[in-house]
Amino acid sequence: MNNVFGLDIGTRNVVGTVGYQTDDKEFVVTAQYVREHETRAMLDGQIHDIGRVAKTIKEVKDELEKQTGQPLEEVCIAAAGRVLKTVTTHVEYEYAQESVVTGEDVHTLNLLGIEKAQEALKEVNDTSYKFYCVGYSTVKFFLNDDVFISLEGHKANKIGEDIIVTFLPEDVVDGLYAAVGQAGLSVANMTLEPIAAINVAIPENYRMLNIALVDVGAGTSDISITRDGSIIAYGMIPHAGDEMTEVIVQHFLVDFNMAESIKLQSTTSDTVTYKDIMSIEHTIPAQDVWDVAAPVVDNIAQEVSAKIRELNGDKTVSACFVVGGGGKIHGFTEKLAEDLDLPEERVALRGEEVLGDVTFEQEDIKKDPLLVTPIGICLNYYDQRNNFIMVRFNGERIKLYDNNRLTIVDAALQAGFPNDELFPKRGTPINFTVNGVARLVRGEAGEGAVVTMNGKPASINTPLEPNSEIVIEPSTAGEAAVYKISQLDEYNHSVITFVINGRKVSCPRFVQVNGRLEPEDYSIRENDVIETRNYYTVRQIAQFMDLVIDTEQMIFVNNEEADLDTLVYENFSVEWKTDEYGVARIDNNNYNDTQESDSDDASVLAEQDANSTESDNTVTRTSEQMMNQVLDELHDEFAKEAEASAVPENELPENDIQEEIHEEDSSENTVTVIVNGEPVELSGKDTYIFVDIFTHISFDLQAGKGRAIATVINGRDAQFSEELHEGDKIELYWKEN
């Protein structure tokens, strides 16, 4: 048989237990020894004097070795529930757009809550120690700021939760390991005292239920909550059995030890016999002790029930088990049941009945709730659960508390790996305003972290294996947000209308950024202030319409004399005289000094009424104007061709120059050509070149859509400057890309 050595290192004493488990799961205690600390080397379950605690542990070890006749080298220990740190916090997660909440989203929310609680704990404790997360519980969920029982499957823009997170400080663990090491022992297994108690007090098949376990000790009452097979939360209140003892001391005028005896007698007998400080012996009914302790019992029960509800998400539990000597006082379980709104039979003191599978070879040991935790520490060794496991994370060896549901993300959090490097990051967003209204354009989503465990692909939710090698390559940020003025609805769907010489003209609104006009391809920057202008100047209207105003004539805006810089607002009337009317060249269309516009952007949107003749008085850019623009471009090409083939003037014979001077005296000529199978008569000039065709035929120059015009004369490609002759056969069409 292989004995297991368990130590319950308490504030007042150290309890050592040695035993073994049989094949039928019965645990046999072969030796047990209790030794009190000589000094207050421990306070509230935490070691303050490692050397003195190690001395006490060594004494217990030596005595148990004498009893068993075997050397003891490894020991199982537990951290006290009262040293656990509990933090309650609120965390939120906002989606880029309305999304369906998944289980992964809820898990992410929990991780954000744990990380936030850990940061809050570090600030409060002002220490460099790490904290092991040993449990957490959601108090309530929030869906778009409304309280919900469950989030998964709902659509939401924002989710949140109130979460309780419990931590075990690293210094507590290190202190226990150091004291045991100085006593010549190594740690075989470490758990938490509440878990050790649950292993005995609550059978495994009950742990799927929502149950509370209360360990009422001397100085504190430790609380743990189970649900779905795990311990989800821990808590502690600084009120317990000693407060009951102190009120007995005051009332019956006895010392502390006699008060402890009175308290114990009142739980097992109808009468209590004691001696006061005057050495007078008294025998009183146990009811008198109950009455004296009742106010303290009621107060402790109220505080315990309030803490249970807090840890359990502001609701009661299904049942509650009580262990520890303090819980044996009369009336405690009944009062606790009342405060938890539970039937009395659902709040029970667990003691001898839960130790039914435990056999003591020492006949003088009585089964008692006080022994639940020491026995549980030994039993936990066989499960090897709730221990500390070691893994290597990105080359660093770290220790984690095993709560039976560890995943890779827990290792990442313990190692201090930034939470924002686990999940995809969006690129830098752009915040700006349009006409005073705040806008936000989010960046592109990046790639998630690349996770491997023992060289194989994994995810952050992959269960953790002891001694595994974890490598996480940080997530990446997406592309920064890019948004141009041309993408604004206010730019694309907003026009301003004027009345020009009796005609309605609709123009796109100018956009100014930080007080300066910007073109449509301007990339919006962080904190830009964007406004659509509700006016043009007279000059800008003329430039937009591709008109040249006769500045020698009067200009009127709303029948008042104006100039080219006069502001013209929506529905204002403008009257002017023009030198030219037509489509200006694109490179001369400078109605916005910072904007380069194509012909589509410069089109005039006419307001037409099918039942009136108003359309006759509406300025609209038509295919004819487009054709004029193309002709201008064709003439440009003709000019280039002519320049390339021209003979310098100073090289021409004098008689040739004279002939050119008198050329305008020649008479006009008429030529008929065939264009796309149809005869076309050219007149009004002495000679004609290919480009003149466009002024005599109907050809939709808006139908190009990026294609080039094919020009063919008598079966071969034509030059725009090529002279036309009678009967020439011309083909004109759009080339396919």
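What counts, and at which threshold
- Residues numbered from 1 in each chain as written.
- Predicted model: local features only at pLDDT ≥ 70, side-chain atom pairs only at ≥ 80, totals over all residues.
- Heavy atoms only, no water.
- Pairing = 2+ DSSP bridges.
- Helix = DSSP H or I, 4+ residues; strand = E, 2+ residues; numbered from the N terminus.
- Axes fitted to C-alpha atoms, helices over the stretch in contact; angles between N-to-C directions.
- Parallel < 35°, antiparallel > 145°, perpendicular 65-115°, else oblique.
- Contact = heavy atoms within 4.5 Å.
- Nonpolar A, V, L, I, M, F, W, Y, C, P; charged D, E, K, R; others polar.
- Buried < 20%, exposed > 50% of the residue type's maximum accessible area, 1.4 Å probe, protein only.

Trainee: Would you mind showing me how to read the sheet that holds strand S25 (residues 456-458) here?
Mentor: One key point about sheets: their strands pair by backbone hydrogen bonds, in either a parallel or an antiparallel sense. Read across the sheet, five strands follow the order S21-S20-S26-S24-S25 without closing on themselves; strand pairing throughout is mixed. Where the open sheet ends on each side, the last strands, each with one partner, are strand S21 (396-401) and S25. The average angle at which neighbouring strand axes cross in this sheet is 35 degrees, direction not considered. Where strand S24 (residues 450-453) lies against S25, three bridges are found, and the strand directions are antiparallel. Paired with Thr452 across the strands is Pro457, a residue of S25.

Trainee: How should I be thinking about the packing of helix H5 (residues 241-252) against helix H6 (residues 256-268) in this particular structure?
Mentor: Working note: a packed helix pair is described by the angle between its axes plus the distance between those axes. Relative to each other, H5 and H6 sit at 105 degrees, their axes nearing to 9 Å. Taken as axis vectors, H5 and H6 run roughly perpendicular relative to one another. Of H6, the residues touching H5 (which contributes Gly241, Asp242, Met244, Thr245, Glu246, Ile248, Val249 and Phe252) are Phe256, Ala259, Glu260, Ile262 and Lys263. The class makeup of the residues in the contact of H5 with H6 is seven nonpolar, two polar and four charged.

Trainee: What's the story with the sheet that holds strand S35 (residues 560-562) in this structure? I'm lost.
Mentor: In spatial order, the strands read S28-S27-S37-S34-S35; together these five strands make up an open sheet with mixed pairing. Looking at which strands have only one partner, the edges of the open sheet turn out to be strand S28 (503-508) and S35. Strand-to-strand, the axes of this sheet are offset by a mean angle of 35 degrees, without reference to chain direction. When strand S27 (residues 495-500) meets strand S37 (residues 573-575), the two strands line up parallel, connected through two bridges. Bridge pairing in S37 links Val499 to Ser573.

Trainee: Just checking my understanding: could you explain unusual backbone geometry for this structure?
Mentor: Backbone geometry follows two general trends: most residues other than glycine have a negative phi, and most peptide bonds adopt the trans configuration. Despite not being glycine, Asn454 shows a phi value in the positive range, around 55 degrees. The class of Asn454 is partly exposed, set by a relative accessible area of 41%.

Trainee: Can you help me understand the pairing of strand S41 (residues 709-713) in this one?
Mentor: If a strand is regular, its side chains alternate between the two faces of the sheet. Of all the five residues making up S41, four are buried; the element is thus mostly covered by neighbouring parts of the structure. Pairing of S41 with strand S43 (residues 729-734) involves five bridges; the strand directions are antiparallel. Residue Thr711 lies in a different strand from S43, and its bridge partner there is Leu732. The pairing of S41 with strand S42 (residues 716-717) spans two bridges and is antiparallel. Among the inter-strand pairings, Ile713 is bridged to a residue of S42, identified as Arg716. If you look at the hairpin formed by S41 and S42, you'll find two residues sitting between the two strands, and Asn714 has a positive phi there, around 55 degrees.

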